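Working through the structure, step by step
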Amino acid sequence: MDNLISHCATWAALIAHQKNLAQVHLRDLFALDSQRFEHFSIQTSGLLLDYSKNRITSETLTLLQQLATEAKLQEWIVRLFQGEKINNTEQRAALHIALRNRSNRPIQVNGKDIMPEVNAVLAKMRRFSDAVRNGEWRGSTGKTIESIVNIGIGGSDLGPAMVTRALKAYHHPRLRCYFVSNVDAAHLGETLAELDPETTLFIIASKTFTTQETLINAQSARQWLINKLGNEKAVAKHFVAISTATEKVSEFGIDPVNMFEFWDWVGGRYSLWSAIGLPIAVMISQDNFEQLLDGAHELDKHFETAPLLKNMPVLMGLIDVWYSSFFGATTQAILPYDYTLALFPAYLQQLVMESLGKRITRDGNRVDYPTGPIVWGAPGNNGQHAFYQLLHQGTHLVPADFIIAIESQHNLQGHQEAVLSNALAQSHALMMGRNTEETQSALDIPPHFLQNGANKSLSKEKNEKFKALTEQLPHRVFLGNQPTNTLVYKKLTPYILGTLLALYEHKVFVQSVCWGINPFDQWGVELGKQVASTLLPTLQADQEKTTHRRHDPSTEGLLNYIIKRRTK
Ligand code: F6P
């Protein structure tokens, strides 16, 4: 237990420092330093990070830097980039950086340079995406492809779906892209209803090719295609697979020639840079896909080389550690003021929560401090009319990231000014709040009315109005002091999106190092899968189990209730 980071002197110093800073309002920190924006903002690779609206001082950063040093962050960054097997519970490297290693420097796995294989898959993706886009790849009846359906879940869905959505402005005009992930037949069924089998291409994306949801959806899609086209041979022209499991892909009935490979050193939630990005490449072109890789590589270089306190992902990671472990913040909001990033919060949920939702350290000890936060969010303007009330006046500390595009993908007069003014207004209001005096003055309640109440010198109407406003007063006060980061870029291009995604990936890595946990495994998803596999046969057989209880009484009760009411 002694090697828990929480037992080091810096951790104790941070606890003491937090006690002091907890009493300080962000508006006071700004009052103390008119250059706070200059002191607490940083630019790299087309991104600006303003972290001045955080409950930190330069002493906080010095202590957090010391913590990172105690956690050996710099050594861990080297190990990540050298391809060491830092995913210790699965004995694998975590080499998503190799997938976008545009410098092509050799990176070894088990003594072998993996870059030739990475480049070969990129070349195969180029050939295939070009062929689909220019109409050379045709369906079994000779028609060009118009619809791409990606069937996958988790990392084999969220990353490509988010990127494809975000880069809609770059889509090929003939092509439409669908992402089917949920095993509820409504998802695939609704999608198939919109499709013409002769012009549809299915991409089955699964790292393991064992994921139940994906395989059930893939089987149904295959059957639909065969039924519609009346020909099993059609599968070869309408199905391709992306996987690390060649044999399983063959067993499913997809020719390995139509398989795009990736490797066990690519984690599912870090895989959009691999062949899992194929739907992206088909929709936006391989050139643009490689721009995405270029952007990520640029950010990788920054992460690898910049000193800790001039390093954007390190700063963001340390600030997150500060809130989770020292302020007890349990949640974090992601607020894009760029509508094309609508799926970004959902993508980040997997990246952050599957990576950091852990309580056992790399060396098997139980942590005695809070780790990864619950991540959620929605495009900013929509969120304002839904959940911002809680951010402004609720009881939770909710650190938030504002992500702002200076320019939209569309140019309609008056829109972008409204987006930008709202974004800046919200982070300002969350930081400053509005105290009682300011609220009283904004409501125009005379100070003497507040002190003495109703007053004969005022008319009856005025007295009633001021009485009502005085009753409202506490409800209209804003405490402020809600911390935020603001990330700004000019316009969302593939390159900029690459930098943004790599920034968050590395931020998560920094947090994991500080907390001593492995961000690259996900054992927590196993138990539910196992239990589902024991329930499935009962549901398939449609048998009511009342005597032999294999589960808890609640689960058995629910099972019986459902089975009785199913339409046979
Ligand atoms: O169940 C979680 C998970 O293992 C994720 O980590 C992964 O991204 C997802 O399932 C899909 O896995 P696969 O790509 O192997 O189908």
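Heads up: these notes are all about the structure in this document. Being a predicted model, the structure only gives us computed values, none of them experimental.

**Let's talk about the sheet that holds strand 11 (residues 374-377)**
With respect to topology, 6 strands assemble into an open sheet ordered 1-2-13-12-10-11, the strand pairing being mixed. At either margin of the open sheet sits one strand with a lone partner, and together these are strand 1 (41-44) and strand 11. The sheet shows a mean angle of 15° between the axes of neighbouring strands, taken without regard to direction. Taken strand by strand, helix 19 (residues 415-432) contacts strand 10 (331-337), strand 12 (400-405) and strand 13 (484-489), and its axis lies near 155° from that of strand 12.

**Focus: the packing of aromatic side chains**
This model, assessed by the stated rule, comprises 22 aromatic pairs. Ring centres of Phe202 and Trp224 lie 6.0 Å apart, and the angle between their planes is 80°; on these two criteria the pair is classed as edge-to-face. A residue pair is termed long-range when its members are at least 10 positions apart, and Phe202 in strand 7 (residues 200-205) and Trp224 in helix 10 (residues 212-229) qualify at 22 residues. What makes Phe202 buried here is its relative accessible area of 0%. Trp224 gets classed as buried once you look at its relative accessible area, which sits at 13%. Chaining the aromatic ring pairs together yields one cluster made of Trp11, Trp322, Tyr323, Phe326, Phe327 and Tyr369. One residue, Arg100, lies across the ring of Trp273, its end atom 4.5 Å from the ring centre. One Lys or Arg, Arg565, reaches over the ring of Tyr561 and ends 3.6 Å from the middle of that ring.

**What about the nonpolar core?**
Formed by 121 residues in total, the largest nonpolar core has its most connected members in Trp265, Phe344, Leu497 and Tyr504. Ignoring sequence-local partners within four residues, the contact set of Trp265 consists of Ala93, Ala94, Leu95, His96, Ala98, Leu99, Val109, Ile114 and Val118. With 25 residues, the next largest nonpolar core counts Phe202, Leu225, Leu229 and Ala234 among its residues.

**Some points on the environment of Lys112**
Inspection of the secondary structure assignment puts Lys112 in strand 4 (residues 112-113). Lys112 sits in the partly exposed class, given a relative accessible area of 48%. For Lys112, the residues in contact, after removing those within four places along its chain, are Ile107 and Glu117.

**Some remarks on the sheet that holds strand 5 (residues 147-151)**
Read across the sheet, 5 strands follow the order 6-5-7-8-9 without closing on themselves; strand pairing throughout is parallel. Only two strands of the sheet have a single neighbouring strand rather than two, namely strand 6 (176-180) and strand 9 (259-261). Across the sheet, the axes of successive neighbouring strands diverge by a mean angle of 20°, strand direction being ignored. Strand direction decides the pairing type here: strand 7 and strand 8 (residues 239-243), joined by 4 bridges, are parallel. Residue pairing for strand 8: Ile204 is matched across the bridge by Ala241. Across the face of the sheet, helix 7 (residues 115-134) comes into contact with strand 5, strand 7, strand 8 and strand 9 while running at roughly 150° to strand 9.

**So, the site of the ligand**
By nearness alone, 14 residues border the ligand, and Ser156, Ser206, Lys207, Thr208 and Thr211 come closest of all. Interatomic distance of 2.6 Å between a side-chain N/O atom of Ser156 and an oxygen atom of the ligand. Taking Glu354, its side chain carries an N or O atom lying 2.8 Å from an oxygen atom of the ligand. For the ligand, the protein covers 87% of the area, taking 390 Å² as the surface of the free molecule. Its residues placed into classes, the shell around the ligand shows 2 nonpolar, 9 polar and 3 charged.

**What to know about a nonpolar patch on the surface**
A cluster of nonpolar side chains, contributed by Leu558, Tyr561 and Ile562, occupies part of the molecular surface with about 320 Å² of accessible area. One can find Leu558 in helix 25 (residues 553-565).

Basis of the calculations
- Residues numbered from 1 in each chain as written.
- Predicted model: local features only at pLDDT ≥ 70, side-chain atom pairs only at ≥ 80, totals over all residues.
- Heavy atoms only, no water.
- Pairing = 2+ DSSP bridges.
- Helix = DSSP H or I, 4+ residues; strand = E, 2+ residues; numbered from the N terminus.
- Axes fitted to C-alpha atoms, helices over the stretch in contact; angles between N-to-C directions.
- Contact = heavy atoms within 4.5 Å.
- Phe/Tyr/Trp six-rings, centres within 6.5 Å; stacked < 30°, edge-to-face > 60°.
- Buried < 20%, exposed > 50% of the residue type's maximum accessible area, 1.4 Å probe, protein only.
- Lys NZ or Arg CZ within 6 Å of the ring centre and 35° of its normal.
- Core = buried A, V, L, I, M, F, W, Y, C linked by side-chain atoms within 4.5 Å.
- Near = heavy atom within 4 Å.
- Polar contact = N/O pair within 3.5 Å; in protein donor to acceptor, adjacent residues only side chain to side chain.
- Areas by Shrake-Rupley, 256 points an atom, 1.4 Å probe, with all protein chains shown as cover.
- Nonpolar A, V, L, I, M, F, W, Y, C, P; charged D, E, K, R; others polar.
- Patch = residues over 30% accessible without salt bridge, like charges linked within 9 Å, V, L, I, M, F, W, Y side chains within 5 Å.
- Salt bridge = Lys/Arg side-chain N within 4 Å of Asp/Glu carboxyl O.

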